[in-house]
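# Coordinates in review
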Amino acid sequence: MTTIGLIRHGITDWNYLGKAQGVSDIPLNKIGKKQASAIGDRLSKEEKWDLIITSDLSRAIETGKIIGNKIDLNISHIDKKIREINCGKIEGTTEEERIQIWGDNWRELDLGMEELEEVSKRGIDFIEEINGLYRGKRVLVVSHGALIGLTLKRLLPERFPTTYIDNTSLTILSYAEEKWDCILYNCTNHLN
């Protein structure tokens, strides 16, 4: 059985302010570092993991390094495929600012955002690649909210018509008998 633990990076100042981050390379803030440490502590007390893969954005890499220090693993691979959705012109803006600039129907405009279908395809391609390369292993993946959520929605549409992913939440996928299952979703018990 292949097991993939999907973790959203810790919180950043832009997350806190409600700004769209997309591919802007925003670092963790102090709270985000504490969140990463908390999930690292949690994972150090649970089953062992074989490797850590992160997106190429610093907030994911930093989260992965903090977790790795807690569970005695280095980041094995940094992968651009699991970076966040490219938000185009809306990066760095809040919902209120988007409405002020482009109006209430800003979502209907072409503002250079990556298509949701493309994001979910990147996520599925990555999951399939990991399953092929690391069959039977336990792989931690530190990525981003939209990428994780859209991947889950495409991988298990009957279970996830919509998704929301919290910062440093743990979602666990397992692959056995030629099918995927989600055995834990968006768990943040370590933050309590």
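The structure under discussion appears in the preceding block.
It should be emphasised that the depicted structure is a prediction, and the values quoted were computed from it without experimental measurement. (Residues numbered from 1 in each chain as written. Predicted model: local features only at pLDDT ≥ 70, side-chain atom pairs only at ≥ 80, totals over all residues. Heavy atoms only, no water.)

## What about the overall build of the protein?
The helix and strand inventory of the protein stands at 6 helices and 6 strands. Starting at the N terminus and ending at the C terminus, the protein contains elements arranged as β-α-α-β-α-β-α-α-β-α-β-β. Relative to the globule expectation of 16 Å for 192 residues, the C-alpha radius of gyration of the protein, 16 Å, shows essentially globular dimensions. If you line up the protein on its principal axes, its C-alpha atoms span 50 × 35 × 30 Å. Burial analysis of the protein (192 residues in total) assigns 52% to the buried set. (Helix = DSSP H or I, 4+ residues; strand = E, 2+ residues; numbered from the N terminus. Rg over C-alpha atoms; globule rule 2.2 N^0.38 Å. Buried < 20%, exposed > 50% of the residue type's maximum accessible area, 1.4 Å probe, protein only.)

## What to know about the packing of helix α2 (residues 30-45) against helix α3 (residues 58-71)
Here α2 crosses α3 at 35 degrees, and the two axes come no closer than 8 Å. Crossing of α2 against α3: the hand is right-handed. Between α2, through Lys33, Ala36, Ser37, Ile39, Gly40, Asp41, Leu43 and Ser44, and α3, the contact on the second element is made entirely by Glu62, Thr63, Ile66, Ile67, Lys70 and Ile71. Taken together, the residues of the contact of α2 with α3 sort by class into 6 nonpolar, 4 polar and 4 charged. (Axes fitted to C-alpha atoms, helices over the stretch in contact; angles between N-to-C directions. Left-handed = near helix turned anticlockwise from the far one by under 90°. Contact = heavy atoms within 4.5 Å. Nonpolar A, V, L, I, M, F, W, Y, C, P; charged D, E, K, R; others polar.)

## What to know about the pairing of strand β6 (residues 179-187)
Examined bridge by bridge, strand β5 (residues 170-176) and β6 share 6 bridges and lie antiparallel to one another. Residue pairing across strands places Leu173 opposite Cys182, the latter belonging to β6. The turn linking β5 back onto β6 is made up of 2 residues, and Glu177 within it adopts a positive phi angle of 50 degrees. (Pairing = 2+ DSSP bridges.)

## Thoughts on helix α6 (residues 145-155)
One turn of an α-helix holds 3.6 residues; hence residues three or four places apart share an orientation. Counting buried positions over the 11 residues of α6 gives 8, a clear majority of the element. For α6, the elements touching its buried residues are β1 (2-8), α5 (116-133), β4 (138-143), β5 and β6.

## What to know about the sheet that holds strand β2 (residues 51-54)
The strand order across the open sheet built from 6 strands is β3-β2-β4-β1-β5-β6, with neighbouring strands paired in mixed fashion. Each having just a single partner strand, β3 (75-78) and β6 make up the two edges of the open sheet. Each strand of the sheet is rotated relative to its neighbour by a mean of 20 degrees, with strand direction disregarded. The sheet strands contacting α2 are β1, β4, β5 and β6, and the helix crosses β5 at an angle near 40 degrees. In the packing of α6 onto the sheet, contacts are made with β1, β4, β5 and β6, and the angle to β1 comes to roughly 140 degrees.

## Details of the nonpolar core
One finds Ile4, Leu6 and Leu173 to be the most contacted residues of the largest nonpolar core, which totals 30 residues. Contributing elements (two or more residues each) for this core: β1, β2, α5, β4, α6, β5 and β6. The residues contacting Leu173, other than those within four sequence positions of it, are Thr2, Thr3, Ile4, Leu6, Ile127, Leu152, Leu155, Leu156, Trp180, Asp181 and Cys182. Core analysis: the second largest hydrophobic core is formed by 13 residues, Ile7, Trp49, Ile67 and Leu73 among them. (Core = buried A, V, L, I, M, F, W, Y, C linked by side-chain atoms within 4.5 Å.)

## Thoughts on the environment of Leu140
If you trace the backbone, Leu140 turns up in strand β4. Given the relative accessible area of 1%, Leu140 is considered buried. Each C-alpha atom of the pair Leu140 and Ser24 lies 23 Å from the other, and the pair is 116 residues apart in sequence. Among all residues touching Leu140, those that are not within four sequence positions of it are Gly5, Ile7, Leu43, Trp49, Leu51, Ile52, Ile53, Ile67 and Ile71.

## Digging into the packing of α5 against α6
Between two packed helices, the angle of one axis relative to the other and the distance separating the axes together describe the packing. Two numbers describe how α5 lies on α6: the axes approach to 8 Å, and their chain directions differ by 80 degrees. One element, α5, and the other, α6, form an angle in the roughly perpendicular class. Contacts between α5 and α6 pair Leu116, Glu117, Val119, Ser120, Lys121, Arg122, Gly123, Ile124 and Ile127 from the former with Ala146, Leu147, Leu150, Thr151, Arg154 and Leu155 from the latter. Of the residues contributing to the contact of α5 with α6, the split by class is 8 nonpolar, 3 polar and 4 charged. (Parallel < 35°, antiparallel > 145°, perpendicular 65-115°, else oblique.)

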